[in-house]
Every structure is written in structure tokens, then in C-alpha cells.
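The primary structure of each chain is shown beneath.
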Amino acid sequence: MTAIFLREFKGYFNSMLGWVLTGVMLLFGGLYFTAVNLQGGYTDLSYTLYSFIIVLLIFVPLLCMRSFAEEKRSRTDQLLLTSPVSIPGIVMGKYLSLLAMFAVPLGVYALYPLLMKALGAANFAASYSGLLAYFFLGAALIAVCMYLSTLTENQIVAALSGFGVLLVCYLMPAIQTLFTAGSSLALVVFAIILGAASLIIGLRSRSLVLGGGVFAVGCIALAVLFSVRSAALTTAFSAVLGALALFEPFLNFVNGLFDVTALVYYAGVAGLLLFLTGQALEKRRWN
């Protein structure tokens with residue numbers, strides 16, 4: 001696992017990708033820190049982190065796109081899967097290297113409260129708890145995009161699918177408002193989500209017929225359920241969608257609350273997606 005971690009981490013900085021992505025995060029972090037904290041007078045770094053949280057929608061997919069997709073494209077995944085390293089070791093080695101890449105700009109952000117204190121005042125408790133939550137949020141997003149990278153051998157497809165999934169998670173609070181009793185918009189959004197799930201099933205099984213079949217059956221079931229139990233279904237599904245709003249729990253830290261359940265939620269999401277990543281690799285090993 002250590003060898004994979006070192007190989008992956010050094011690989012990012014041996015290419016332009018690692019330097020560019022780190023530079024972009026530092027650029028946005030510096031600009032928003034200057035505008036929000038130094039000029040705006042806020043003593044809490046959480047406001048700054050939340051202000052440019054949308055940057056993660058681009059940063060994380062680009063960071064993770066090559067993790068497994070490049071291995072599959074170059075056919076080096078077979079060497080990796082037949083190496084003495086276990087599947088969990090492969091997954092954790094790559095995952096920890098991505099976390100380390102994400103932690104590099106966060107290490108610079110950790111200096112910002114000290115700078116605020118030197119120039120006036122800083123809320124250390126709120127700032128560093130917000131920074132911790134930001135790291136946990138990034139850990140969950142990285143796990144999502146790393147899993148998506150196992151579904152394709154094209155890095156561009158991996159990046160676009162990661163961006164699409166994270167964008168849906170970002171917009172999920174607004175999407176939830178569409179799910180009112182008898183809402184036709186809810187039916188359309190549900191069909192779109194069903195289509196995305198069917199596409200993932202088709203990619204994993206390498207059978208577009210299976211993915212299309214799942215989508216067709218799901219659409220029929222969806223139409224029947226909406227015609228019979230519209231109110232109950234929209235309410236229940238809205239609650240499920242709330243669990244997919246990955247960015248929403250971070251707001252508690254922006255509001256000055258140290259929410260342990262949010263950290264547990266992010267850790268749970270990361271754990272689930274890492275497990276699915278391991279299962280995808282295990283299937284590829286035996287194929």
C-alpha cells in the first residue's frame with residue numbers, strides 16, 4: 001500500500017496536473033480569503049471555505065479522473081491487480097494519495113487564521129473546525145469520483161461523470177423542492193436520476209441492454225407508483241434525496257456548529273464508496 005501511495009503521490013507532481021490543481025485551489029483560496037476575511041472583516045475561515053466550495057465540483061473530478069481510468073486505458077491495471085498487494089491495499093493506497101493531494105492546499109489554508117490573528121482577530125475554534133469539515137467533505141467527494149473512475153477507461157468520461165454527479169449533489173437541496181405531491185417535475189427528475197443509475201449499471205455490467213432494461217422497468221414502476229401513491233412516494237423519496245445532498249451538512253460548520261454527525265456522515269459516504277471501488281476491482285481481477 002505504501003509503495004502505491006508514494007507512486008501515485010509523486011506521479012501527480014511529476015506531471016503538470018498536480019501543480020495546476022494545487023495552484024488553482026491556492027489561487028481561489030487566497031482570493032476569497034482576501035475578500036471575505038481580510039477585507040470583509042469575518043474572523044471565521046469557514047465563510048471563505050464555503051464561498052468557493054463550488055470549485056470542488058471541478059477540482060475533485062480532475063484530481064480523480066486518472067486514478068483507475070488511466071490504469072485501464074494503458075492496461076497496467078492487470079499488473080496492479082496481479083501484484084502481491086491486496087485489493088483493499090490498492091484502493092487505500094490510491095485513495096490516501098488523493099487525500100494527500102487535497103490536503104496540500106488545506107495545509108496552506110491552516111495558516112490563514114494565524115494571519116488573521118496577527119492582523120487583528122480570529123476565531124480559531126470555528127476556523128479549524130470548518131477546515132476539518134472541509135477535509136471530510138473532500139474525502140467523501142474523492143471517494144465518489146474515484147469509484148466513478150473504475151467504471152471507464154477514458155479519463156475525460158471519468159471527469160465529466162464525476163462533475164455531473166457532484167453537481168447533482170450540490171443542487172440536491174433545490175431538487176428536493178420539486179418533490180411535492182402530484183408534481184410532474186418530480187417525475188421528470190426521478191426519471192433522470194433513474195437514467196443515471198441505469199447507465200452506471202450498464203457500464204459496470206458492460207451491457208447496455210441490461211442498463212436499458214433496468215431503465216425501462218424502472219420507468220414503468222415509477223409511473224405506476226406516482227399514479228397510485230403520489231404523495232407518499234414523493235415525500236419518502238425527498239427524504240432519500242436529502243441523504244444525497246453531500247454539501248449541505250457543511251453549512252452547520254459555517255453557522256458555528258461543530259456537527260459530529262456531519263463528520264460521521266462524510267466518513268460513512270467515503271467508506272461505502274471505497275467498498276464499492278474494491279468490489280469493482282475484485283470483479284475485474286477475476287474477469
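Scroll up to find the structure this text is about.
Computed from a predicted structure; not experimentally measured.

A short note on the overall build of the protein chain
Here is step 1 of the chain: Each helix and strand counted, the protein chain has 15 helices and zero strands in total.
Here is step 2 of the chain: For the protein chain, buried positions account for 43% of its 287 residues.
Here is step 3 of the chain: Long-range contacts, defined as pairs at least 24 residues apart, comprise 78% of the intrachain contacts of the protein chain with a sequence gap of at least 6.
Here is step 4 of the chain: About 13700 Å² of surface is accessible on the protein chain, with carbon and sulfur atoms providing 74% of the total.

Describing helix H10 (residues 155–176)
Here is step 1 of the chain: Between the first and last C-alpha of H10 there are 31 Å, a value that for 22 residues agrees with the 32 Å anticipated at 1.5 Å per step.
Here is step 2 of the chain: At Tyr170, H10 shows its maximal bend, which comes to roughly 45°, and the proline Pro173 appears one to four places after that position.
Here is step 3 of the chain: What H10 keeps buried is the set Ala158, Ala159, Gly162, Leu166, Cys169, Met172 and Ile175.
Here is step 4 of the chain: The backbone nitrogen of Ile156 has a side-chain oxygen 2.8 Å away, supplied by the residue at the start of H10, namely Asn154.

Observations concerning the environment of Ser67
Here is step 1 of the chain: One can find Ser67 in the loop between helix H4 (56–64) and helix H5 (69–73).
Here is step 2 of the chain: For Ser67, a relative accessible area of 1% gives the class buried.
Here is step 3 of the chain: Leave out the neighbours within four places in its chain, and Ser67 touches Lys94, Leu98, Met146 and Ser149.
Here is step 4 of the chain: A distance of 2.7 Å separates a polar side-chain atom of Ser67 from the backbone oxygen of Cys64.

Quick word on a nonpolar patch on the surface
Here is step 1 of the chain: Taken together, the side chains of Leu27, Phe28, Leu31 and Tyr32 present a nonpolar region at the surface, about 360 Å² in accessible area.
Here is step 2 of the chain: Looking at the secondary structure, you find Phe28 in helix H2 (residues 16–39).
Here is step 3 of the chain: Judged by relative accessible area, Phe28 falls into the partly exposed class, the value being 31%.

Quick word on the packing of H2 against helix H7 (residues 87–109)
Here is step 1 of the chain: The contact between H2 and H7 brings their axes to 10 Å, and the two run at 30°. It follows from the interaxial angle that H2 and H7 lie roughly parallel. Between H2 and H7 lies a crossing of right-handed hand. Mapping the contact onto sequence places Gly18, Thr22, Met25, Leu26 and Gly29 in H2 and Met101, Phe102, Val104, Pro105, Val108 and Tyr109 in H7.
Here is step 2 of the chain: Class assignment for the residues of the contact of H2 with H7 results in eight nonpolar, three polar and no charged.

Quick word on the layout of surface pockets
Here is step 1 of the chain: Taken as a whole, the largest pocket holds about 1100 Å³ of empty space.
Here is step 2 of the chain: Residue lining of the largest pocket: 34 residues in total, with Leu148, Val165, Ala196, Ala197 and Ile200 positioned closest to the centre.

Brief notes about the nonpolar core
Nonpolar side chains in soluble globular proteins generally cluster together in the buried interior.
Here is step 1 of the chain: Counting 60 residues, the largest nonpolar core has Met25, Leu56, Val60, Tyr95, Tyr109, Tyr134 and Ile142 as its most contacted members.
Here is step 2 of the chain: Take this core: its biggest share by element is 14 residues, from helix H9 (residues 124–149).
Here is step 3 of the chain: One finds Ile175, Val189, Leu241 and Ala245 within the second-largest nonpolar core, a separate group that totals five residues.

Section: the packing of aromatic side chains
Here is step 1 of the chain: Counted according to the given criterion, the structure contains 20 aromatic pairs.
Here is step 2 of the chain: Seen in terms of ring centroids, Phe9 and Phe13 are 5.4 Å apart; in terms of plane orientation they differ by 70°. Their pairing is edge-to-face. Residue Phe9 and its partner Phe13 are located together in helix H1 (residues 2–13), separated by four residues, close to a single helical turn.
Here is step 3 of the chain: Since its relative accessible area comes to 23%, Phe9 is described here as partly exposed.
Here is step 4 of the chain: Taking the relative accessible area as the measure of exposure, Phe13 reaches 21% and is therefore partly exposed.
Here is step 5 of the chain: With 6.1 Å between their ring centres and 10° between their planes, Phe124 and Tyr128 make a pair best called stacked. Here Phe124 and its partner Tyr128 are both found in helix H9, four residues apart, which amounts to about one turn of the helix.
Here is step 6 of the chain: For Phe124, a relative accessible area of 32% gives the class partly exposed.
Here is step 7 of the chain: A relative accessible area of 32% places Tyr128 in the partly exposed class.
Here is step 8 of the chain: Of note, Arg66 hangs over the ring of Tyr12, and the distance from its end group to the ring centre comes to 5.0 Å.
Here is step 9 of the chain: Positioned above the aromatic ring of Phe68 is the side chain of Lys94, whose terminal nitrogen or guanidinium carbon lies 5.2 Å from the ring centre.

Some words on the pattern of salt bridges
Here is step 1 of the chain: Scanning all chains against the criterion turns up two salt bridges.
Here is step 2 of the chain: Across the pair Glu8 and Arg7 runs a salt bridge, and its minimum N-O distance is 2.6 Å.
Here is step 3 of the chain: Residue classification places Arg7 among the partly exposed residues on the basis of a relative accessible area of 44%.
Here is step 4 of the chain: One salt bridge in this structure joins Lys94 and Glu8, with 2.9 Å as the shortest N-O distance. You can see Lys94 sitting in helix H7 and its partner Glu8 sitting in helix H1, a full 86 residues away along the chain.
Here is step 5 of the chain: The exposure class assigned to Glu8 is buried, which follows from its relative accessible area of 6%.

Rules used in this analysis
Residues numbered from 1 in each chain as written. Predicted model: local features only at pLDDT ≥ 70, side-chain atom pairs only at ≥ 80, totals over all residues. Heavy atoms only, no water. Helix = DSSP H or I, 4+ residues; strand = E, 2+ residues; numbered from the N terminus. Buried < 20%, exposed > 50% of the residue type's maximum accessible area, 1.4 Å probe, protein only. Contact = heavy atoms within 4.5 Å. Areas by Shrake-Rupley, 256 points an atom, 1.4 Å probe, with all protein chains shown as cover. Expected span 1.5 Å × (residues − 1). Bend = angle between axes of the 7 residues up to and from the residue. Polar contact = N/O pair within 3.5 Å; in protein donor to acceptor, adjacent residues only side chain to side chain. Patch = residues over 30% accessible without salt bridge, like charges linked within 9 Å, V, L, I, M, F, W, Y side chains within 5 Å. Salt bridge = Lys/Arg side-chain N within 4 Å of Asp/Glu carboxyl O. Axes fitted to C-alpha atoms, helices over the stretch in contact; angles between N-to-C directions. Parallel < 35°, antiparallel > 145°, perpendicular 65-115°, else oblique. Left-handed = near helix turned anticlockwise from the far one by under 90°. Nonpolar A, V, L, I, M, F, W, Y, C, P; charged D, E, K, R; others polar. 1 Å grid on protein atoms, 1.4 Å probe; cavity = no way out; pocket = protein on both sides within 12 Å on 5 of 7 lines; lining within 4 Å. Points joined across faces, edges and corners; volume = space filled by probe spheres on them. Core = buried A, V, L, I, M, F, W, Y, C linked by side-chain atoms within 4.5 Å. Phe/Tyr/Trp six-rings, centres within 6.5 Å; stacked < 30°, edge-to-face > 60°. Lys NZ or Arg CZ within 6 Å of the ring centre and 35° of its normal.

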